[in-house]
Amino acid sequence: MRTVGVEEELLLVDAGSGDPRALSTAVLALAERRAEGDSVFESELHDQQLEFATEPRSAMADLAEEIRRWRAEAAHSAAEAGAAVAALATSPLPVSPAIGEDERYRWLARRFGLTAQEQLTCGCHVHVSVESDEEGVAVLDRVRPWLPVLLALSGNSPFWQGQDTSYDSYRSRVWGRWPSAGPVELFGSAERYHQQVEALIGTGVLRDKGMIYFDARLSHRYPTVEFRVADVCLDPADTVLLATLARGLVETAARDWRAGGRPDPVTAGVLRMADWQAARSGMEGRLIHPRTGRPEPAADVAHALLDHVREALEDSGDLASAQAGLRTLLERGTGARIQRELLADSDSLRTVVTECAARTRG
């Protein structure tokens with residue numbers, strides 16, 4: 001069975017006011033001390049955030065347990081530093097992001113200016129194992145039309161600098177300012193994929209392979225396909241649903257490739273429209289259906305994704321849990337809906353942040 005790993009980025013905030021706090025160095029030191037050695041936590045571009053990565057897991061129950069454990073550990077370490085962590089993809093409150101001291105981060109700040117300065121965003125990256133680069137690129141070519149659906153399911157960034165953006169995932173709009181971010185055209189082979197990556201790096205615009213910010217890519221560190229399109233989810237159950245669907249997409253695509261099927265030739269331009277629509281209305285309106293290229297109710301498109309990967313989920317034993325997870329998400333709403341409901345109830349973005357921090361802590 002294919003393994004799945006998750007990387008989650010979390011926002012560091014003041015436990016009382018909800019304001020973002022540039023405390024990653026202190027929190028990381030405390031986390032390392034609590035771990036009595038190597039820690040799963042790492043710094044990110046800005047000092048107001050930190051990241052953790054799970055182990056590769058075969059069982060989704062194990063993945064769910066680990067995500068909850070590391071969120072709780074992050075909350076404990078943050079509390080020792082006088083802060084809290086919140087699984088929010090952007091800060092609802094106004095913030096002046098602080099670039100980290102790492103040399104790579106400083107290079108990004110010099111090279112990309114305001115684009116880097118404003119990138120205080122938190123995503124969720126899902127890694128699914130593949131047997132080879134050739135299989136991985138075949139998967140990338142075939143999952144492209146479904147990636148906007150994953151974005152819509154994860155939408156958790158409606159607020160930016162103290163105001164409602166009218167988007168469910170404004171993070172994805174900010175992230176899209178990077179020159180290598182977003183949808184891509186078909187590659188056709190691993191050779192062509194690597195040629196394209198080398199060509200992009202050869203322009204001198206990008207520093208290295210770590211800056212290949214496609215919505216999905218071959219990981220440059222692991223033998224995986226890495227899904228990078230999603231917001232960090234407020235509810236860890238939604239993260240597990242994303243991971244389940246991602247593994248289903250990889251297995252379904254790999255089977256189609258082995259059977260001689262051809263990927264959908266939809267263009268990157270159309271995919272950019274689908275990405276925008278997913279970011280704008282999330283699960284509250286319509287999404288571009290991957291099969292028709294036309295707007296249809298978001299719930300219908302999400303169920304179409306579930307049907308698309310049904311056989312793979314049945315074989316892995318994940319179908320029932322995925323169905324239940326999707327049903328719960330549609331009834332409860334994504335993080336974007338929850339944030340807006342919290343604001344409607346409290347009339348306070350500070351309350352939104354502190355309540356989301358409490359939910360992240362578990």
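Note: the structure precedes this text.
No experiment lies behind these values; they were computed from the predicted model shown. (Residues numbered from 1 in each chain as written. Predicted model: local features only at pLDDT ≥ 70, side-chain atom pairs only at ≥ 80, totals over all residues. Heavy atoms only, no water.)

Q: What's the story with the overall build of the protein chain in this structure? I'm lost.
A: A tally of helices and strands in the protein chain yields 15 helices and 11 strands. Scaling as 2.2 N^0.38, a compact globule of 362 residues should have a C-alpha radius of gyration of about 21 Å, and the protein chain matches this with 19 Å. Oriented by its inertia axes, the alpha-carbon framework of the protein chain measures out at about 55 × 45 × 40 Å. Split into buried and exposed, the 362 residues of the protein chain put 57% on the buried side. If you take every contact in the protein chain between residues at least 6 apart in sequence, the share linking residues at least 24 apart comes to 76%. Taken as a whole, the protein chain presents about 14700 Å² of accessible surface, with 48% of it coming from carbon and sulfur. (Helix = DSSP H or I, 4+ residues; strand = E, 2+ residues; numbered from the N terminus. Rg over C-alpha atoms; globule rule 2.2 N^0.38 Å. Buried < 20%, exposed > 50% of the residue type's maximum accessible area, 1.4 Å probe, protein only. Contact = heavy atoms within 4.5 Å. Areas by Shrake-Rupley, 256 points an atom, 1.4 Å probe, with all protein chains shown as cover.)

Q: Would you mind going over unusual backbone geometry with me for this structure?
A: The backbone of Gln161 sits at a positive phi, close to 50°, despite the residue not being glycine. In this structure, Gln161 sits in the loop between strand S6 (159-160) and strand S7 (163-164). Classification of Gln161 by relative accessible area gives partly exposed; the value is 34%. One non-glycine residue, Ser166, lies in positive phi territory at about 75°. Position of Ser166 among the secondary structure elements: in the loop between S7 and helix H7 (170-175).

Q: What is the right way to read the nonpolar core from this model?
A: As a rule of thumb, nonpolar side chains are buried together in soluble globular proteins. Of all hydrophobic cores here, the largest spans 115 residues; its most connected members are Val126, Leu150, Leu153, Trp178, Tyr193, Phe227 and Leu305. In terms of residues, this core owes the most to one element, helix H9 (residues 236-258), which gives 10 residues. When near neighbours in sequence (up to four residues on either side) are disregarded, Leu150 contacts Phe227, Val229, Ala230, Leu242, Leu245, Leu249 and Leu305. (Core = buried A, V, L, I, M, F, W, Y, C linked by side-chain atoms within 4.5 Å.)

Q: What am I meant to see in helix H1 (residues 24-35) here?
A: In an α-helix, one turn spans 3.6 residues, which is why side chains three or four residues apart end up on the same side. For H1, which comprises 12 residues, the first-to-last C-alpha distance of 16 Å matches the rise-based estimate of 16 Å (1.5 Å per residue) to within 8%. When we look at burial in H1, the residues that qualify are Ser24, Val27, Leu28, Leu30 and Ala31. End-on, the buried residues of H1 take up no more than an arc of 165°, which puts them together on one face. The exposed residues of H1 that point more than 90 degrees off its buried face are Thr25 and Arg33. Along its buried surface, H1 packs onto strand S1 (4-14), strand S2 (41-43), strand S3 (49-53) and helix H2 (60-80). Just past H1, the residue Glu36 takes up positive phi, approximately 55°. (Expected span 1.5 Å × (residues − 1). Arc of directions from axis to C-beta.)

Q: Sorry, what's going on with the pattern of salt bridges here?
A: Any two side chains of opposite charge can pair, on the condition that their charged atoms come close. All chains considered together, the criterion is met by 35 salt bridges. A salt bridge links Arg69 to Glu65, with the shortest nitrogen-to-oxygen separation between them at 2.5 Å. Remark: Glu65 and Arg69 occur in helix H2; sequence separation between them is 4 residues, near one turn of the helix. The class for Arg69 is partly exposed, based on a relative accessible area of 30%. Measuring nitrogen to oxygen at the nearest pair gives 2.6 Å for the salt bridge that ties Arg177 to Glu118. Of this pair, Arg177 sits in the loop between H7 and helix H8 (190-202) while Glu118 is found in the loop between helix H4 (114-117) and strand S5 (123-129), placing the two residues 59 residues apart along the sequence. Arg177 gets classed as partly exposed once you look at its relative accessible area, which sits at 33%. For Glu118, a relative accessible area of 26% gives the class partly exposed. Each of Arg2, Glu135, Glu251, Arg255, Arg258, Glu311 and Asp315 takes part in one network of salt bridges that share partners. (Salt bridge = Lys/Arg side-chain N within 4 Å of Asp/Glu carboxyl O.)

Q: For this particular structure, what's the right way to read the pairing of strand S4 (residues 83-86)?
A: Consecutive residues of a regular strand have side chains that alternate between opposite faces of the sheet. Where burial is concerned, the two faces of S4 agree: the one with Ala83 and Val85 and the one with Ala84 and Ala86 are both buried. Pairing analysis gives 4 bridges linking S1 to S4, with the strands arranged antiparallel. The residue bridging Leu11 from the neighbouring strand is Ala86, located in S4. (Pairing = 2+ DSSP bridges.)

Q: Help me understand the packing of helix H11 (residues 298-308) against helix H13 (residues 319-332), please; the structure alone is not making it clear to me.
A: The angle between the axes and the distance between the axes are what describe a pair of packed helices. For the pair H11 and H13, the least separation of the axes is 11 Å and the interaxial angle reads 170°. One element, H11, and the other, H13, form an angle in the roughly antiparallel class. Along the contact surface, H11 presents Ala299, Ala302, His303 and Leu306, while H13 presents Ala322, Gln323, Leu326 and Leu330. Among the residues making up the contact of H11 with H13, the classes are represented as 6 nonpolar, 2 polar and no charged. (Axes fitted to C-alpha atoms, helices over the stretch in contact; angles between N-to-C directions. Parallel < 35°, antiparallel > 145°, perpendicular 65-115°, else oblique. Nonpolar A, V, L, I, M, F, W, Y, C, P; charged D, E, K, R; others polar.)

Q: What should I look at first to understand the environment of Val27 in this one?
A: Note that Val27 resides in helix H1. Each C-alpha atom, one on Val27 and one on Ser172, is 26 Å from the other, the two residues being 145 residues apart in sequence. The residues touching Val27, leaving out its near neighbours within four places in the chain, are Leu12, Leu50, Ser77, Ala78 and Ala81.

Q: Help me out: how do you make sense of the side chain of His289 in this one?
A: Secondary-structure assignment places His289 in the loop between strand S10 (286-288) and strand S11 (295-297). Exposure remark for His289: the relative accessible area of 10% places this residue in the buried category. Dropping the residues within four chain positions of it, His289 is found in contact with Arg294, Glu296, Val301 and Ala304.

Q: Looking at this structure, how should I read H8?
A: Taking 1.5 Å per residue, 13 residues should reach 18 Å; H8 reaches 18 Å between its end C-alpha atoms and fits that length. Positive backbone phi, approximately 85°, marks Gly204, located one or two places after H8.

Q: Just checking my understanding: could you explain the environment of Ala26 for this structure?
A: Tracing the backbone shows Ala26 in helix H1. Each C-alpha atom, one on Ala26 and one on Gln163, is 30 Å from the other, the two residues being 137 residues apart in sequence.

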